[in-house]
Amino acid sequence: MTTIELTQNHISAPGKIARIILTTWLVLSMISITLLQIAKFQWQFLVPYWLIACCVPLWHFRHQVTTTLQNWRAPDWLKFFLLAYGMVLFEETFSAFFNHLSEGFNFLIFIQRIGQFWAFNILAFTGLILATWLLYSRVQFTQWEMFYLIGFIGLFSERIIYLLPNELIGFLTFAPTIFIFYGFILSPALMSMKPPQRRMLHPVLKYTLMLLAWTLLSQPPGWLLASLRIAFPVLFPSCNFIPCG
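Residues numbered from 1 in each chain as written. Predicted model: local features only at pLDDT ≥ 70, side-chain atom pairs only at ≥ 80, totals over all residues. Heavy atoms only, no water.

What is the right way to read the overall build of the protein chain from this model?
Across its full length, the protein chain holds 9 helices and 0 strands. Buried positions account for 43% of the 245 residues belonging to the protein chain. For the protein chain, the share of sequence-separated contacts (at least 6 apart) that also reach a separation of at least 24 residues comes to 77%. For the protein chain, the exposed surface amounts to about 13500 Å²; the carbon and sulfur share of it is 72%. (Helix = DSSP H or I, 4+ residues; strand = E, 2+ residues; numbered from the N terminus. Buried < 20%, exposed > 50% of the residue type's maximum accessible area, 1.4 Å probe, protein only. Contact = heavy atoms within 4.5 Å. Areas by Shrake-Rupley, 256 points an atom, 1.4 Å probe, with all protein chains shown as cover.)

Put into structure tokens, the structure is as follows:
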């Protein structure tokens, strides 16, 4: 195994502790969210369970999946963007389904909801996808570093970070957002890239660069999404599903 491969697969002791804490937090959050949403007769609680059902085999077979994706004969950039956007569409298909169940199921409306969730999240995730590609292809990050960074960015994207520590929903959605809704979505794209010799930077500098790149690259698609949602609201999920503003 090469030095780069060891670097990619190595998890430090603090990293292991953080993973244990977040995993415990995730389990407790999922139990609490499930009980709360069942009490309200809401189906949205099933979304993370479906994603967990996909996360577990991805994690268990991560070495085989990584080998398969890295041996895929296509340019790294093409694999990365196909997998990143493909996972967004995959995740949002099921988000549309379980959100639509709260309306009562109608196949034609369900197809409409899929298109709406796709349109919204393709634009919503573009800044993060571009920032991840830009930094991960040029700067030496481990996959775990990038996984947690993406999850941390998700806390800001979903405004969960602003709910802590005073709002219960912020506490309950903290770990699921990191693990399921953001870290998982871009994991196959990260796994597809063979780790070349990239530039070594101090952690504070490279983490700052990632946050700065995400902030800047998210502005154009964010403005476009906001404008289109006002001009063509039928193309996007209603505010009942994804809050407006």
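Explain the pattern of salt bridges here, please?
Between side chains of opposite charge, a pair can form when the charged atoms approach closely. For the coordinates displayed, the defined rule picks out 3 salt bridges. Among the ionic pairs, Lys 79 bridges to Asp 76, the shortest N-O distance being 3.7 Å. Here Asp 76 and Lys 79 lie together in helix α5 (residues 76–100), a separation of 3 residues that amounts to about one turn. By relative accessible area, Lys 79 is classed as buried at 1%. (Salt bridge = Lys/Arg side-chain N within 4 Å of Asp/Glu carboxyl O.)

Even after reading the chapter, I still don't get the packing of aromatic side chains, so can you show me in this structure?
The relation between two aromatic rings is expressed through the spacing of the ring centres and the mutual angle of the planes. Under the definition given, this model contains 15 aromatic pairs. Three or more aromatic residues joined by ring pairs form one cluster here, namely Phe 97, Phe 98, Phe 105 and Phe 110. Residue placement shows Arg 198 over the ring face of Tyr 136; its charged tip is 4.5 Å from the ring centre. Sitting above the plane of the Phe 141 ring, Lys 206 keeps its charged end 5.0 Å from the centroid. (Phe/Tyr/Trp six-rings, centres within 6.5 Å; stacked < 30°, edge-to-face > 60°. Lys NZ or Arg CZ within 6 Å of the ring centre and 35° of its normal.)

What's the story with helix α7 (residues 143–157) in this structure? I'm lost.
Since one α-helical turn is 3.6 residues long, residues separated by three or four positions face the same way. Here α7 contains 15 residues, and its C-alpha end-to-end distance of 21 Å stays within 8% of the 21 Å for a straight helix at 1.5 Å per residue. Along α7, the residues classified as buried are Trp 144, Glu 145, Met 146, Phe 147, Leu 149, Ile 150, Gly 151, Ile 153, Gly 154 and Leu 155. Arg 159 occupies a position one or two residues after α7 and carries a positive phi of about 65°. (Expected span 1.5 Å × (residues − 1).)

Would you explain the nonpolar core in this entry?
Where a protein is soluble and globular, its nonpolar side chains tend to be buried together. Core analysis: the biggest nonpolar cluster contains 34 residues, and Leu 128 and Met 210 have the highest contact counts within it. Those residues in contact with Met 210 that sit more than four places away from it in its chain are Leu 128, Ala 131, Thr 132, Leu 135, Met 146, Leu 149 and Ile 153. Counting residues in hydrophobic clusters, the runner-up holds 12 residues, among them Leu 22, Leu 26, Met 30 and Phe 174. (Core = buried A, V, L, I, M, F, W, Y, C linked by side-chain atoms within 4.5 Å.)

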